[in-house]
Amino acid sequence: MTKDYYQILEANKDDDDKTLKKKYRQLSKKYHPDVNPDNPEAEEKFKEVAKAYEVLSDKEKRRNYDMFGSETNGGNPFNGGNANMDDIINSFFNNNQRRQRVRKGSDIRITIKMSMEEVFNGVHKKIKYKRNENCVSCNATGGKTKICNVCNGKGHINHIQNTPIGRVQNTIQCHNCGGRGTIIMEACKMCNGKSTIIKEEMLEFDVPIGIEDGENLIVRGKGNSIPNGINGDLYVQIVEVPHNTFKRSGLDIHQRITLPYKNLVLGDSTEVNTLDGKIRIKIKAGTEVGHILRVSKKGLRRENRVGDMMIEVWLEIPKEINDEEKSKIESLKN
Ligand SMILES: [Zn+2]
Ligand SMILES: [Zn+2]
């Protein structure tokens, strides 16, 4: 099993950002390659600590880690890691090896719909999606292969370009093998030489309360696989379905109610809906049309914050009235 990021940082799940930073600093000092030359154990620790902090110091990543943590499919969805971070970490170490960019599979983007009630209460979602996974039958080689004779198996070639400032040499992907370093001689029957197969994945998770339209939940390493590389990521985007009566603005909720003329003039109390059930509110005598009543803490919640319910009072105009009512209204004029 993969080690827990909190354990690695010797931290607790409810530690705040400051505490995490302090613990990260202490540990990265302790295991820094400058202090521990030629110590593979310390190197390993240093990398672990950097990775753990990279995730936990990022609000969105930490939330995702807390959510998907180690429960998902029995594995750690963050195994894929982050290519850029790997580059940064590896740059600390002189392995006498040419540093090569890590190849990363493409990301997958899916959307899930949520009602305002689900945003308010939180919801457990189960999603199915398809991703490319490295073929196990051919070990993601695509079949029987031979070394590419253009790049000699390196996957990239040096490209020399004559420019006004002189000859510039850069490395480009090999056109002959598409960067794989090998050419397929006999295609694998399982993946037809593609090296990857399409797999249906199932993911279960709790969507955090108060999430907003357009936000992404990111699951590291659950995107597409790529031969000789790390997996892409999965982006689950939230699409909030508009509510029939409530309008959302941040954590506040707006709604409009209509009341008869008499109730606005003389004052009244009336029941209104909230996401948490009905509440009774007081209408003051002489309330004007368009007046907004704010009911504290009856909006949406998110972490420690709670929004309000804003109720706009509107006038109910009867479409049909009888003679008696008509004469009563007439009498108001005088
Ligand atoms: Zn295959
Ligand atoms: Zn090649």
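Structure's up top.
The present account deals with the structure reproduced in this document. What you see is a predicted model; the values in this text were computed from it and never measured. (Residues numbered from 1 in each chain as written. Chains lettered and ligands numbered in written order. Predicted model: local features only at pLDDT ≥ 70, side-chain atom pairs only at ≥ 80, totals over all residues.)

### What about the overall build of the protein?
And step 1. Within the protein, the regular secondary structure consists of eight helices and 17 strands.
And step 2. In the protein, which comprises 334 residues, the share counted as buried stands at 22%. (Helix = DSSP H or I, 4+ residues; strand = E, 2+ residues; numbered from the N terminus. Buried ≥ 20, exposed ≤ 12 C-beta atoms within 10 Å, placed from the backbone.)

### Section: the sheet that holds strand E14 (residues 292–295)
And step 1. Spatially, E10-E11-E17-E14 is the arrangement adopted by the four strands of the open sheet, whose pairing is mixed. For this open sheet the edge positions go to strand E10 (247–249) and E14, each flanked by a neighbour on one side alone. Sheet twist, expressed as the mean angle between neighbouring strand axes with direction ignored, is 30 degrees.
And step 2. Pairing between strand E11 (residues 252–260) and strand E17 (residues 309–316): eight bridges, direction parallel. Bridging from a neighbouring strand, Ile253 pairs with Met309 of E17. (Pairing = 2+ DSSP bridges. Axes fitted to C-alpha atoms, helices over the stretch in contact; angles between N-to-C directions.)

### Remarks on the sheet that holds strand E9 (residues 234–240)
And step 1. In space, the three strands of this open sheet follow the order E1-E9-E8, with mixed pairing throughout. Either end of the sheet is taken by a strand with one partner, and the two such strands are strand E1 (108–114) and strand E8 (216–219). The sheet shows a mean angle of 25 degrees between the axes of neighbouring strands, direction not considered.
And step 2. Pairing geometry for E8 and E9, over four bridges, is antiparallel. By the bridge assignment, Leu217 is partnered in E9 with Val236.

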